[in-house]
Amino acid sequence: MGRNPTKTQKKAAFDAWGGTCQHCHLPVKRGDEVYHHIRRRISGQHEPANLLLYHTSCHDQHHGVRRSLSAGTNRADT
Ligand SMILES: [Zn+2]
Ligand SMILES: [Zn+2]
């Protein structure tokens, strides 16, 4: 089981949330999406139900940070 979701798993999550950000409930453009794991180290951690869809900026707000977490890094905590 991989640590990060595959393209297929990301697409499944995108479709499962209707392409809508789970923070602001506005549509997310492809390329501006971040997948947030509710829980880590569980089986099915890359299932859509555990993989919330956020805008990049909303995901940062969700984590309570001002600068982007994802820019230039490939953190596991997304
Ligand atoms: Zn949003
Ligand atoms: Zn996150």
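In the block above lies the structure referred to throughout.
What counts as what
- Residues numbered from 1 in each chain as written.
- Chains lettered and ligands numbered in written order.
- Predicted model: local features only at pLDDT ≥ 70, side-chain atom pairs only at ≥ 80, totals over all residues.
- Heavy atoms only, no water.
- Helix = DSSP H or I, 4+ residues; strand = E, 2+ residues; numbered from the N terminus.
- Buried < 20%, exposed > 50% of the residue type's maximum accessible area, 1.4 Å probe, protein only.
- Contact = heavy atoms within 4.5 Å.
- Core = buried A, V, L, I, M, F, W, Y, C linked by side-chain atoms within 4.5 Å.
- Phe/Tyr/Trp six-rings, centres within 6.5 Å; stacked < 30°, edge-to-face > 60°.
- Lys NZ or Arg CZ within 6 Å of the ring centre and 35° of its normal.
- Donors = N, O, S within 2.8 Å, 3.2 Å for Na, K, Ca; no water.
- Tetrahedral: all angles 85-135°; square planar, octahedral: opposite > 155°, others 65-115°.

Draft legend 1. View of the overall build of the chain. The helix and strand inventory of the chain stands at two helices and two strands. Within the chain, the fraction of its 78 residues that count as buried is 31%. The long-range share in the chain, meaning contacts at least 24 apart out of those at least 6 apart in sequence, stands at 51%.

Draft legend 2. Local environment of the nonpolar core. Core analysis: the largest hydrophobic core is formed by ten residues, namely A13, F14, C21, V28, Y35, L51, L52, L53, Y54 and C58. For this core, the elements supplying multiple residues, two or more each, are α1 (7-16) and β2 (51-55). The biggest single contributor to this core is β2, with four residues. The contacts of A13, once residues within four sequence positions are left out, are Y35, P48 and L51.

Draft legend 3. Spatial organisation of the packing of aromatic side chains. Under the definition given, this model contains zero aromatic pairs. Its guanidinium or amino end placed over the ring of F14, R30 lies 4.4 Å from that ring's centre, counting from NZ or CZ.

Draft legend 4. Spotlight on the coordination of the zinc ion (ligand 1). Donor atoms from the polypeptide that bind the zinc ion (ligand 1) are C21 (SG), C24 (SG), H55 (ND1) and C58 (SG), placed at 2.1 to 2.3 Å. Each of the four donor atoms bound to the zinc ion (ligand 1) contributes to angles spanning 101 to 116°, and the resulting shape is tetrahedral. Considered as a linear motif, the donors of the zinc ion (ligand 1) on their single chain read C-x2-C-x30-H-x2-C. Judged by relative accessible area, C21 falls into the buried class, the value being 0%.

Draft legend 5. Seen up close, unusual backbone geometry. Residues other than glycine seldom take positive phi values, yet H25 does so here, at roughly 60°. The residue H25 is located in the loop between α1 and β1 (33-37) in this model. In this model, R41 sits at a positive phi of 55°, which is unusual for a non-glycine residue. You can see R41 is positioned in the loop between β1 and β2.

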